[in-house]
Amino acid sequence: MQWRELPAIYLEESGSPVERSSYLIELHTDDGGSYDVVNDASSPAARECCAQQSSARHNWEMNYQEAAIYLQEGENNDKFFTHPKNAKALAAYLFAHNHLFYLMELSTALLLLLLSLCEAPAVPMLRLGIFVHATLELFALIVVVFELSMKMRWLGFQTFIRHKRTMVKTCVLLVQFIEAIVVLVRQTSHVRITRALRCIFLIDCRYCGAVRRNLRQIFQSLPPFIDILLLLLFFMVIFAILGFYLFSPNHSDPYFNTLENSLVNLFVLLTTSNFPDVMMPSYARNPWSCVFFIVYLSIELYFIMNLLLAVVFDTFNDIEKRKFKSLLLHKRTAIQHAYRLLVTKQRPSGISFKHFEGLLRFYKPRMCARERYLTFKALNQSNTPLVSLKDFYNFYEVVGLKWKAKRNREHWFDDLPRTAFLIFKGINILVKSRVFQYTMYTVVAVNGIWILVETFMLQVYGVELLLKTTGLGPVEYLSSGWNLFDFSVTLFAFLGLMALAFNMEPFYFIVVLRPLQLLRLFKLKKRYRNVLDTMFELFPRMASLGLTLLIFYYCFAIVGMEFFAGVVYPNCCNTSTVADSYRWVNHTVGNKTVVEEGYYYLNNFDNILNSFVTLFELTVVNDWYIIMEGVTSQTTHWSRLYFMIFYIVTMVVMTIIVAFILDAFVFRMNYTRKNQDSEEDNGIVLEKEISKEEVIGVIELYKRISAAPETAQLQKIVLQMDKYGQMSTVFLGRRSRTKSDLSMKMYEEEIQEWYEEHSRKEESQTPLQEPTSAPSSSLKPLSLRQRSQTVI
């Protein structure tokens, strides 16, 4: 095939022909360089040109790599002042930004956290000697030192000390290092509250970016939260003083006999854990005393606590919107940086496929040649040889698409004989009909009522699965989330039936999954579908919020173990008001031995696992004051501060979680009302048609740049077209819909204002410079090579 027969896009890529001698090569074409081999490479001029050619190619490779780094920084919301500034920094950056380094970072952080299982007070079966766990801790800390040294090599000292999170991690590392050496030298443990700071190493891991965002949102929500909290505490103090003067004359009332007890019990009453017990002594003496408690709970619990949620929800909404705006503009700036590195001086209006392909080799190394071209074509909305900046702004939305060839046939059974085709066509119509769907919903409802005939119902579910699989085809059937759910539940139901039939006790847990089939009924009502869809969308974020809560648990567990380990035991707390909950006695009544056992001594801080269970019970707040009073009676009254602070911290986190769920659900409802005609179940779908001529052109292009092995999938497309006598093939790009996609539609009008404001701000700070062609020397540092083209 001759190049003049190719589409315009490839003619542009090959460059205009120029007159040249037989022993010279064309070093700089108008698209950044053509690398054709000369006839006579033995001459000095040819060797010199070959060296220049190699240098130009290497420089473009560096451009591709730096552009990919900018795009990764935009995607990960990394600040641009951390961008590698020279070749030395680039090497350290690449070393610190690969999954092996991330796994090393995560493994080291987990090792430091898991040492709390082995250090005193340790879990009995996991206890290690001081020398062993101190040595493991020093080893892990040395690995952290290595990680930070690579980060300093990449950032440079000045940027390193400007990076707040890195400096906090360095300070914690220094403290942990000193303490580990002291423990190893003394061969004995001491009070080490600073172990609670080990979670900093986990938070700083690349895989815990969502946790860092959650913590940032919590801290950003604190100012309004603290304002309402101070109001709540103000009313609490007023009522505590009032309750003390009203009820302290009653000597039979242990709740208000001192001002301290009055304040503590009203704090507990805020959680309703001690109600109505706290009211009964005063209520027995004067029934009108109930007015005090009714007014207090009405103001504190039902008004201020709900006001607290409303304020946090409003703040959370504002933070989410500002976060989306910030990330959107950050990505836009990253795209601008990358764009300037990929256009040439001769063609500043866009990026050619050659340079776009070079970018993707660094940005997504595992992406095949077919997907690179389809991504380029999906971005190129103007159908010109070059991707303009306007089209390139959609890079993040398009690059995540997974491409598959669209089926040439409407159904998988179209090529079968006519009799078989008619049978499967009938099944296809049946399983798509509303009668079939509502019939199965009825079966599910009957199954929920008539659970005793589960075997028969499973047969019905099995027939439904078989009909849908044959009628729709396995691929189309499993492409639906609800069908995948039905398949999984039905499969587990059959496994559960087998576990019961063959008496396989270890697998009885599968049986409890059978009632999940009833969830299918929620598909009947749109609001239920929205609730379940929101729940599935929230699951990744809820997992990160759960991990955030566990980090707080870890910090409080370490502090609790250092101060309260071993203080709670059976028959302790005999002088406190909760002595019955800790009493363990046995006595004889007639001929029988009666055991009176209060189980609350099990809620202790004797090791990290017990501490987590105790903290979870405190989070639930049911009878949590019994644990607090038991520990307080064995230590000091100041111990109550630990439990009160823990309640306030968990209240902040749980309020953020509730606000997040409300925000996600309200956002989805508003989006659904605004886009009633849109179909969201299939996610983002983009359709692109490519011709046989285009595919052959891409193959030829890869051969010219010595990348022929990457064309295997492209050649398969050509063979497939030849097989069916087609001149073009349609590909579908799919990806799941994200919160960012929904936000783009919800804030569509405001986004344009944000872009205009951002452009004005950039123009006022630094005027944009004209892009240049490939740099002349790869030995120049990145900061000098293209820094003049970027705005930081």
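Worth saying up front: this structure is predicted, and the values here are computed from it rather than measured.

A. Representation of the nonpolar core within the structure. If you look at the biggest cluster of nonpolar residues, it comprises 108 residues, and the most contacted ones within it are Leu-266, Tyr-582, Leu-615 and Phe-643. When residues of this core are assigned to their parent elements, the largest contribution, 13 residues, is made by helix H25 (residues 640–674). Residues within four places of Phe-643 in sequence aside, it is in contact with Phe-564, Phe-605, Leu-618, Trp-624, Ile-627, Met-628 and Val-631.

B. Representation of helix H23 (residues 608–620) in the model. Compared with the 18 Å implied by 1.5 Å per residue over 13 residues, the 19 Å span of H23 between its first and last C-alpha is a close match. Within H23 the residues assigned to the buried category are Ile-608, Ser-611, Thr-614, Leu-615, Leu-618 and Thr-619. Looking straight down H23, one finds its buried side chains confined to an arc of 145°; they lie on one side. Here H23 starts with a cap whose side-chain oxygen sits 3.0 Å from the backbone nitrogen of Leu-609, and that cap is Asn-607. Downstream of H23 by a residue or two, Val-621 has a phi angle that is positive, lying close to 70°.

C. Geometry of the pattern of salt bridges. In this structure the tally under the stated criterion is 21 salt bridges. Residue Lys-169 is joined to Asp-204 by a salt bridge in which the shortest nitrogen-to-oxygen separation is 3.0 Å. Of this pair, Lys-169 sits in helix H7 (residues 164–186) while Asp-204 sits in the loop between helix H8 (199–203) and helix H9 (209–247), and the two are 35 residues apart along the sequence. Considered together, Lys-169 and Asp-204 belong to a single accessibility category, that of buried residues. Here the residues in one salt-bridge network are Glu-119, Glu-137, Glu-179, Arg-192, Arg-195, Arg-198 and Glu-562, joined through shared partners.

D. Looking closely at the environment of Ala-180. Of note, Ala-180 is situated in helix H7. Since its relative accessible area comes to 0%, Ala-180 is described here as buried. Taking the C-alpha atoms as reference points, Ala-180 and Glu-137, 43 residues apart in sequence, are found 6.8 Å from one another. Setting aside residues no more than four positions away along its own chain, Ala-180 makes contact with Ala-134, Glu-137, Leu-138, Leu-141 and Arg-192.

E. Local environment of the sheet that holds strand E5 (residues 728–735). One open sheet holds the three strands; their spatial order is E1-E5-E4, and the pairing between them is antiparallel. The open sheet terminates on both sides in strands that have one partner only, identified here as strand E1 (402–405) and strand E4 (684–691). Here the strands of the sheet are splayed against their neighbours by 30° on average, with no regard to which way each runs. Taken together, the eight bridges between E4 and E5 define a ladder with antiparallel strand orientation.

F. Inspection of a negative patch on the surface at higher detail. Among the surface-exposed residues, Glu-748, Glu-749, Glu-753 and Glu-756 lie close enough to one another that they form a single negatively charged patch. Relative to the helices and strands, Glu-748 resides in helix H29 (residues 748–765).

G. Here's a closer look at the packing of aromatic side chains. The tally for this structure, following the rule as stated, stands at 42 aromatic pairs. Where Tyr-553 meets Phe-646, the ring centres are 5.9 Å apart and the plane angle is 50°; that geometry is what we call tilted. Taken together, the residues span a long stretch of sequence, with Tyr-553 in helix H22 (residues 526–564) and Phe-646 in helix H25 at a distance of 93 residues. Phe-646 matches Tyr-553 in its accessibility class, with the two residues each being buried. Ring-pair connections join several aromatic residues into one group, and the members of that group are Tyr-339, Phe-353, Phe-356, Tyr-363, Tyr-373, Phe-376, Phe-392, Phe-395 and Tyr-396. Positioned above the aromatic ring of Phe-81 is the side chain of Arg-162, whose terminal nitrogen or guanidinium carbon lies 4.6 Å from the ring centre. Above the ring of Tyr-393, the side-chain terminus of Arg-332 is found at 3.7 Å from the ring centroid.

Cut-off values and rules
Residues numbered from 1 in each chain as written. Predicted model: local features only at pLDDT ≥ 70, side-chain atom pairs only at ≥ 80, totals over all residues. Heavy atoms only, no water. Core = buried A, V, L, I, M, F, W, Y, C linked by side-chain atoms within 4.5 Å. Buried < 20%, exposed > 50% of the residue type's maximum accessible area, 1.4 Å probe, protein only. Helix = DSSP H or I, 4+ residues; strand = E, 2+ residues; numbered from the N terminus. Contact = heavy atoms within 4.5 Å. Expected span 1.5 Å × (residues − 1). Arc of directions from axis to C-beta. Polar contact = N/O pair within 3.5 Å; in protein donor to acceptor, adjacent residues only side chain to side chain. Salt bridge = Lys/Arg side-chain N within 4 Å of Asp/Glu carboxyl O. Pairing = 2+ DSSP bridges. Axes fitted to C-alpha atoms, helices over the stretch in contact; angles between N-to-C directions. Patch = residues over 30% accessible without salt bridge, like charges linked within 9 Å, V, L, I, M, F, W, Y side chains within 5 Å. Areas by Shrake-Rupley, 256 points an atom, 1.4 Å probe, with all protein chains shown as cover. Lys, Arg positive; Asp, Glu negative; His and termini not counted. Charge placed at Lys NZ, Arg CZ, Asp CG, Glu CD. Phe/Tyr/Trp six-rings, centres within 6.5 Å; stacked < 30°, edge-to-face > 60°. Lys NZ or Arg CZ within 6 Å of the ring centre and 35° of its normal.

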